[in-house]
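Single-letter residue listing:
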Amino acid sequence: MASILDEYEDSQNIRQSSQQHSRLTSANIGLTHSGFVNVRLEEEKPIFNKQRIDFTPPERINHLAVCNNQLCMSLGKDTLLRIDLAKPDQPNQTELGRKDDSKVHKLFLDPTGSHLLISLSTSECLYLNRNTQKVRSLSRWRGHLIDSVGWNKLLGNETSTGPILVGTSQGIIFEAEISANEGSLFNTNPDQYFRQVHSLEEDGKPAPVCCLEIERGPENKYFIIATTRKRLFQFVGKVAEGSEQQGFSTIFNQNQDLLPSFQEFPANMGYSEITFYTAKLRNFPKAFAWMMGNGVLYGQLDYVRPDSLLSDVQVWEYTPDVDISQNKPISIVLTQFHFLLLLHDRIKAICTLNGQVVFEDVFPDKFGSLKRMIKDPIGGLVWIYTERAVFRYHIQREARDVWQMYMSMNKFDLAKEYCRDRPECMDMVLAKEAEYCFLNRRYLESAKCYAMTQNYFEEIALKFIEAKQEEALKEFLLKKLNNLKQSERTQITLLVTWLTELYLNRLGQLESDGNSLIFQETRNEFHQFLSSSKHRECLFNNRSTIYDLLASHGNVDDMVYFSVVMQDYERVISHHCQHDNFSAALDVLAKHCNEKLFYKFSPVLMQHIPKNVVDAWIQMGKKLDPKKLIPALMNYSQMGSAQQIKETIRYMEFCVYELNVTEEAIHNYLLSLYAKYKTDSLLQYLRQAGTHPSEIHYDLKYALRLCAEHGFLKACVLVYRIMELHEEAVDLALQVDVDLAKSCADLPEDDEEMRKKLWLKIARHVVQEEKDVKKAMNCLSSCNLLKIEDILPFFPDFVTIDHFKEAICSSLEEYNKHIEELKQEMEEATESAKRIREDIQEMRNKYGVVDSQEKCAACDFPLLNRPFYLFLCGHMFHNDCLFQEVTPHLSTFKQNRLEELQKKLAATTQSSKSRHRPAPKEEGDTASLGKGIAATSHEQIVSDIDDIVASECAYCGELMIKSIDKPFFDPQKFEQDKSSWL
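What counts and what doesn't
Residues numbered from 1 in each chain as written. Predicted model: local features only at pLDDT ≥ 70, side-chain atom pairs only at ≥ 80, totals over all residues. Heavy atoms only, no water. UniProt positions renumbered as here; feature names shortened; annotations may be inferred. Helix = DSSP H or I, 4+ residues; strand = E, 2+ residues; numbered from the N terminus. Buried < 20%, exposed > 50% of the residue type's maximum accessible area, 1.4 Å probe, protein only. Pairing = 2+ DSSP bridges. Axes fitted to C-alpha atoms, helices over the stretch in contact; angles between N-to-C directions. Arc of directions from axis to C-beta. Core = buried A, V, L, I, M, F, W, Y, C linked by side-chain atoms within 4.5 Å. Contact = heavy atoms within 4.5 Å. Salt bridge = Lys/Arg side-chain N within 4 Å of Asp/Glu carboxyl O. Phe/Tyr/Trp six-rings, centres within 6.5 Å; stacked < 30°, edge-to-face > 60°. Parallel < 35°, antiparallel > 145°, perpendicular 65-115°, else oblique. Left-handed = near helix turned anticlockwise from the far one by under 90°. Nonpolar A, V, L, I, M, F, W, Y, C, P; charged D, E, K, R; others polar. Polar contact = N/O pair within 3.5 Å; in protein donor to acceptor, adjacent residues only side chain to side chain. Expected span 1.5 Å × (residues − 1).

In the annotation of an unreviewed UniProt entry, the protein chain is listed under the name Vacuolar protein sorting-associated protein 18 homolog and assigned to Crenichthys baileyi. As stated in UniProt under Sequence similarities (unreviewed entry), the record for the protein chain gives "Belongs to the VPS18 family."

What follows is the structure, given as structure tokens:
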């Protein structure tokens, strides 16, 4: 008994598996038309897998009940075996303790597996709780042979059943409640109450209640189903909320005035059985199957209907080998898509969708005849037992082939629902649905389904073409296109091009038919297709092909739309320009601000809408390069209207005055426009442009030539002045105005000779050309460089002195005054030289006293140890210390000069030492002369060194002031010095 459920006999599995697969697809390994390869690497397990429990009962098995993993078995006459399937190695055996001839009639186990009712053939009933070993008699139930029990799924628990219904062999329905508690001292019975609520009849006589089922629907609505041999009764009623514990009497009382709703069938095989299917995660059944004489009544349970719980009912007749007189079905079990019929030697599984037998399993004779089949509503296992063996069936992936049945019934939505995780099956369903829709002339639906299959593309496309269904073909191509991956570029290109052609054909046809509404809808759809972001890359790469297609159909509007989508604004603008829609072209330019397109199309647009174009240029501001717009401006300004010229000048002025453009070409062009068309602004522009060549952005020579060609003399004078050609400026200014010439003559301020020359030109012009002596005298007063004697040669011989007597007198007085000033300056110079000589003589006799304790201001060592310098401020430095203090602050030139002098000093010192040696007598005079020269040279070098190093005190002089912004440490040596301190 320790291994009661651990080992199983699988001798029937191979045969069952072969039967199961015989009705599947024709080939287990093969290449289907859809492109999917269907390869099964191992044999698939059957849906209904039988397993025999390795258990030999000590006595014959009478009855068996299973629920919630609790198995109860009646053995022999007086033994009851209970097994918790979670602990199969711990069975519990209980003796009923009956000494009479009573036999177990039926066993009833509640949904929790806690309450077991034992109906005896002597019209008695016993009760056994899962947690006890004591079998208790239900005294109130005595005298009734119990055939069915309707358990209370809502209120039942481990200690109490709650109100339940009990059906007897006499057609009476009782309401009862059983409690596992011991009760009071005077009431030890587990049955709390037992009262009749209804009775059932057939043909005017009481009929046994074969089955009872209680279900609760929405809004506290209860449904009670009771069956007899030929009838199925329904009782529907509401129970007030909170009064469920009072039982079901109110439901039967509500139906007393009316005959109960029932369905009756003529055939009678002596009993019937009803079974229900409850889906996972649901609290109430969804389908039922009633086994009766005429077959199996199958249907759905609809809890919303007010009058009946049953819906979509149909009767599946028994197969020919089932005879209700000789080979009657014993039990029935309902699963999701099948109901199992138990015969005396076999089990049959019949599909509830088509009524076909999909599975049949024959049991060997050695086990004896089959007695009953039970399904655990909680665990889902199906149990079958004979007198000597127990079997159970595992139901695995029952829905695996349901899609085929739904597909054969043309219920494609349900078929797809049951093969979502099997793409090869989904493909077959979609192909079948597509074919079905095509045959029924539902071409658009067919196209959508075909697009999701893996069928051959060419075959499907030709199919729609032969049927002349372009809309369906278009739908198929669109769906196929959306299903393609981005990496499948060749296929995408093919479909996009084909779809474009189909759209264009359709638009052309609708336009010729005059159907404006559908035409506009199709165009909008076409535009949506062209602007699809998913296929943008393909459309962009093949835009030339799309343009060719659009052009071949003469579809200009869609070509413009496509150009905008592809951001091919050049084509859009060209289209507008070709159709003289220049404003629209400019709007596209202004909207997208493409500089290259502005440069390309501005010449055309400037010719027709110059003001708008210039406004757009100005709005673009610095984004445009004015120099690249000059060719268009120059081309049309020469042959254009006054408005074009006006707008050209306006834009050039904007560039110069607002954008501050410095390009020479821009300024030259503006200058030429002023010279030709706006002369009053020319001189003003030249004056604002600046007076120095570095400030000028136009070409001076070009400006001079332009002004000379058009006779603008004042402008020429201004250009000459900027070019610093003063003589030419004065010469030209004299042709215009003497005052202008005078302003030009004063320009060379640093060159008095030039100024004098220019003023002489003016004077000569005034005297010789204008013959105005008074103006000539004014020239003398205007320029202090001119004297009367400078302009006298210009006057003719017959001119009298009276005209310039005052000028001569003024000149003589000025000469006399100048002579007196020179005399005074000479006297002041003589006096200053005298004072300087006295100061020099005084300095020669000046001295300072140095104490023996004095120290060097730089090194703080005694001063008298080495040669030193003494300054008037009182600071004293060793010779070498002063060199170290001053040298870093000297300029590079002076440092090089100092180094050179030190080398010369060292050389003269060495030569003087060699001369101190005794010399031959005949060379004495020469050596003496050389010695004198060397001494003179040595003193000069020392003097030059002193001038560089000791010209001022290193701590009090200008050198210290200049070094105030220098750091105390050299930045390059700071880190080295810093590390030395650590």
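Moving on, we get to the overall build of the protein chain. Counting its regular elements, the protein chain contains 34 helices and 35 strands. Counting all 982 residues of the protein chain, 45% fall into the buried class.

A few words on the sheet that holds strand β25 (residues 295-301). Across the sheet, four strands lie side by side as β23-β24-β25-β26; this open sheet has antiparallel pairing. The open sheet has two edge strands, β23 (273-277) and β26 (310-316), and neither has a second partner. When the angles between neighbouring strand axes are averaged without regard to direction, this sheet yields 20°. Pairing geometry for β25 and β26, over five bridges, is antiparallel. If you follow Gln-300 over to β26, its bridge partner there is Ser-311.

What follows concerns helix α12 (residues 543-552). Three or more residues of α12 are buried, namely Ile-546, Tyr-547, Leu-549 and Leu-550. Along the axis of α12, the buried residues cluster in a sector spanning 160°; they form a single face. In α12, the exposed positions angled more than 90 degrees off the buried face are occupied by Asp-548 and Ser-552. Of the residues flanking the end of α12, it is Gly-554, one or two places downstream, whose phi is positive at about 65°.

Burial runs high along strand β14 (residues 164-168): five of the five residues are buried. Every second residue of β14 is oriented toward a common face, with Ile-164, Val-166 and Thr-168 on one face and Leu-165 and Gly-167 on the other, all of them buried. Here four bridges tie strand β13 (residues 146-150) to β14, and the two strands are oriented antiparallel to one another. When the bridges of β14 are listed, Ser-148 appears paired with Gly-167. With four bridges connecting them, β14 and strand β15 (residues 172-178) associate as antiparallel partners. Along β15, the bridge assignment pairs Gly-167 with Ile-173.

An order of β13-β14-β15-β16 is seen for the four strands of this open sheet, with the pairing classed as antiparallel. Looking at strand neighbours, the two that pair on one side only are β13 and β16 (191-199), the edges of this open sheet. Across this sheet, the average inter-strand angle for adjacent strands is 25°, counted without regard to direction.

Counting 70 residues, the largest nonpolar core has Leu-605, Trp-617, Tyr-651, Met-652, Leu-686 and Tyr-698 as the members making the most contacts within it. The contacts of Tyr-698, once residues within four sequence positions are left out, are Glu-664, His-667, Asn-668, Leu-671, Tyr-685, Leu-686, Ala-689, Ala-703 and Ile-722. One finds Leu-484, Leu-502, Leu-530 and Tyr-547 within the second-largest nonpolar core, a separate group that totals 41 residues.

Evaluation of the coordinates by the stated rule reveals 34 salt bridges. With a closest N to O distance of 3.7 Å, Glu-124 and Arg-142 form a salt bridge. Pair noted here: Glu-124 is in the loop between β10 (115-120) and β11 (125-129) and Arg-142 is in the loop between β12 (136-137) and β13, with a separation of 18 residues, a long-range link. According to the relative accessible area criterion, Glu-124 is buried, its value standing at 13%. Residue classification places Arg-142 among the partly exposed residues on the basis of a relative accessible area of 47%. Residue Glu-445 is joined to Arg-442 by a salt bridge in which the shortest nitrogen-to-oxygen separation is 2.7 Å. Each member of the salt-bridge network shares a partner with another, and the members are Glu-471, Lys-474, Arg-506 and Glu-525.

This brings us to the packing of aromatic side chains. According to the stated counting rule, one finds 29 aromatic pairs in the structure shown. Relative to Tyr-418, the ring of Phe-337 lies with its centre 5.1 Å away and its plane at 85°, an arrangement referred to as edge-to-face. You can see Phe-337 sitting in the loop between β27 (331-334) and β28 (338-342) and its partner Tyr-418 sitting in the loop between α4 (412-417) and α5 (423-439), a full 81 residues away along the chain. The exposure class of Phe-337 is buried, given its relative accessible area of 3%. Taken together, the ring pairs connect Phe-438, Tyr-443, Tyr-450, Phe-457, Phe-464, Phe-476 and Trp-498 into an aromatic cluster.

Further remarks concern the packing of α5 against helix α6 (residues 443-451). Following both chains from N to C, one finds α5 and α6 inclined at 160°, their axes separated by 8 Å at the closest point. Classified by the angle their axes make, α5 and α6 are roughly antiparallel. The element α5 and its partner α6 pack so that their crossing is left-handed. Facing α5, whose interface residues are Leu-430, Glu-433, Ala-434, Glu-435, Cys-437 and Phe-438, α6 presents Tyr-443, Glu-445, Ser-446, Cys-449 and Tyr-450. Of the residues in the contact of α5 with α6, the class split is seven nonpolar, one polar and three charged.

Below, the discussion takes up the environment of Tyr-450. Along the chain, Tyr-450 falls in helix α6. Taking relative accessible area as the criterion, Tyr-450 reaches 4% and is therefore assigned buried. It is 6.8 Å that separates the C-alpha atoms of Tyr-450 and Leu-430, two residues lying 20 residues apart in sequence. The residues touching Tyr-450, leaving out its near neighbours within four places in the chain, are Ala-434, Glu-435, Asn-455, Ile-460, Lys-463, Phe-464, Phe-476 and Lys-480.

By the element assignment, Asn-327 lies in the loop between β26 and β27. Exposure remark for Asn-327: the relative accessible area of 16% places this residue in the buried category. A polar contact of 3.1 Å, which involves the side chain of Asn-327, links it to the backbone oxygen of Asp-321. Residues in contact with Asn-327, not counting those within four places in the same chain, are Asp-321, Val-322, Leu-343 and His-344.

The next thing to look at is helix α10 (residues 516-530). Structural remark: α-helix, 3.6 residues per turn; residues separated by three or four positions point the same way. If you check α10, its first and last C-alpha atoms are 21 Å apart, about what 15 residues at 1.5 Å a residue would give, namely 21 Å. Taken together, the buried residues of α10 touch α8 (470-483), α9 (489-513), α11 (536-541), α12 and α13 (556-565).

This part covers the environment of Lys-761. Tracing the chain through its elements places Lys-761 in helix α26 (residues 752-769). Separated by 20 residues in sequence, Lys-761 and Ala-741 place their C-alpha atoms 9.3 Å apart. Excluding its chain neighbours within four sequence positions, the residues that come into contact with Lys-761 are Glu-727, Val-730, Asp-731 and Leu-734.

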